[in-house]
Each structure stands twice: as structure tokens, then as C-alpha cells.
Amino acid sequence: MPVYQDVARTLEQEIRDTLHCGDYLPSEAELAQRFAINRHTLRRAVDQLVDAGMLLRQQGKGTLVVEQAVEYNIGARARFSESLAAQGHAPCCDVISRRVLVADDAFARKSHFPAGTPLLQVDTLRHMDGRPVTIISHYLKRTRFPGLERDYRNGSLHAHIERHHGLLLERREALVSTTLPNQQEAVLMGQQLHKPRQLIRSRNVLADTDEVLEYSVSRSRGDCFEFRIEPHLNRMQEGEPTP
């Protein structure tokens, strides 16, 4: 194994074990002396970790340890709380607002709820390891969830729905984009206004049906997650032309 790769592996392990987001590596001179290598070789090792997204060079300041993105699977039945817990993180969810509304024509077009549908909007703030990372606005078909606006206070919303209403929701489609946060979102998630957020708009249906029960809008800090998308490709019928 080349020397620079061996140094990179050692630094990577130390970053994971002892350093935190916001810490700086020792200077190039100190690291080169420690590993008994020249600065060119050291820079190749650091470059490898910069390319991997673990480090960020800052002119005049040094090399910064940055937050490691958590992988989140945008699957049919993926749940925020369960996905993070499975990766060893401590998720937390609190309701920050709720209101009753009726789907107008504009909202009906993007949500697939018929215009005039009574809806319950529940806004939740999601934390990961004590840090606010995501705001989700859930728009639920109100007639399907009697008592939810009174009974749901925290934790996984979909788990609550399955447990108390006997309904299993699954994601039918999701649109992913990147935008800047507004003032309120930046304050709630503790991020700067010029830092991007990741936006996911999902249409969720009753499992194994086409009945839309929820439309959700998720806004996450852009430095916290990377999304895994595994599209399901329908098998084409024999003889069907390729588009």
C-alpha cells in the first residue's frame, strides 16, 4: 500500500474516533514530522479525505473536520426515526404546530388530494443526536385519522398511525430539490441563511392502494444527509418496444 494511503487510513480512523465537526487537524508541518514523510506525500493523504467529504481546506485557517452525512433511503416505507436508529443515531421528533385546512385547487394539483378535501397539517421538528436537522410538514386526510390532532405529540408519525389507526402508509413518489431556508427554518435548524437545505416532497398512499392519505414536505440541513434512491423498474412485457 502506498505510504499516503496508509497515512490517510490512520487519519480517517483518528477523525472518526477522537475529532469532531469543527475541529482542525494539526498543521502540515506537525503531521509530516509525526509520520516522517514529506509534505507532498502528506497532502496526497489529506486530499483523499477532502475528496471523501471528511475534511475541508480553509485558506489561512487550516484543514477543518466537517460533518459526516448520514445516508437516508428514500424508499416506499422508509421512516425517519427507524432509519436513523438503525445507523446508531438517537432520533427525536416533536410537534411544533398543527392546523386544520381544506385543499384548494393549487394544493390539489401538487398533492393529488381532491380539491375540497379536509386536511390536518402537522409540522414536526426532527433531531438527530440532540441536533435539529429536519422540519417536516405533514398534510393528512383528516377524515382518515380521527383524534390524531389530539393524540400525536412526538415520535414517529407513521408508527403512530400504524399503531393507533391500523393504516400502513407507503411513499408513492418523491421529488428532491435544493433550496435556501427561510428565516424561521434557519432559526429552528440552527443554520445560516446562505447554507442550502434539501427539500423532499412526497406523496404517500395507503399501502397496496392508490388512496392518497398524506402529502409531506421535508426540509433538511444540506450538510446532514445524503439520499439513497433505489428506483423500482417495472419489468417490460415481452415484445414491448423500449421508449
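Student: How do you make sense of the side chain of R197 when you look at a structure like this?
Tutor: Relative to the helices and strands, R197 is located in strand β8 (residues 197–206). Relative accessible area serves as the criterion here: at 13%, R197 is assigned to the buried category. Engagement of the side chain of R197 in a polar contact is seen with the side chain of T179, the distance being 2.4 Å. Of note is the side chain of R197, whose polar atom sits 2.4 Å from the side chain of E185. The contact partners of R197, leaving out residues within four places of it in the chain, are S177, T178, T179, L180, P181, E185, Q191, R219, S220 and G222.

Student: Quick question: what am I supposed to make of helix α1 (residues 3–18) here?
Tutor: Two residues of an α-helix separated by three or four positions point the same way, owing to the 3.6 residues in each turn. Taking 1.5 Å of rise per residue, 16 residues should cover 22 Å, and α1 covers 22 Å from first to last C-alpha, within 8% of that figure. Of the residues making up α1, those classed as buried are Y4, V7, A8, L11 and I15. For α1, the angular spread of buried residues about the axis comes to 100°, placing them on one side. Opposite its buried face, α1 presents the exposed residues R9 and D17, each directed more than 90 degrees away. Buried positions along α1 lie against α2 (28–35), α3 (39–51), β1 (55–58) and β2 (62–65).

What counts and what doesn't
- Residues numbered from 1 in each chain as written.
- Predicted model: local features only at pLDDT ≥ 70, side-chain atom pairs only at ≥ 80, totals over all residues.
- Heavy atoms only, no water.
- Helix = DSSP H or I, 4+ residues; strand = E, 2+ residues; numbered from the N terminus.
- Buried < 20%, exposed > 50% of the residue type's maximum accessible area, 1.4 Å probe, protein only.
- Polar contact = N/O pair within 3.5 Å; in protein donor to acceptor, adjacent residues only side chain to side chain.
- Contact = heavy atoms within 4.5 Å.
- Expected span 1.5 Å × (residues − 1).
- Arc of directions from axis to C-beta.

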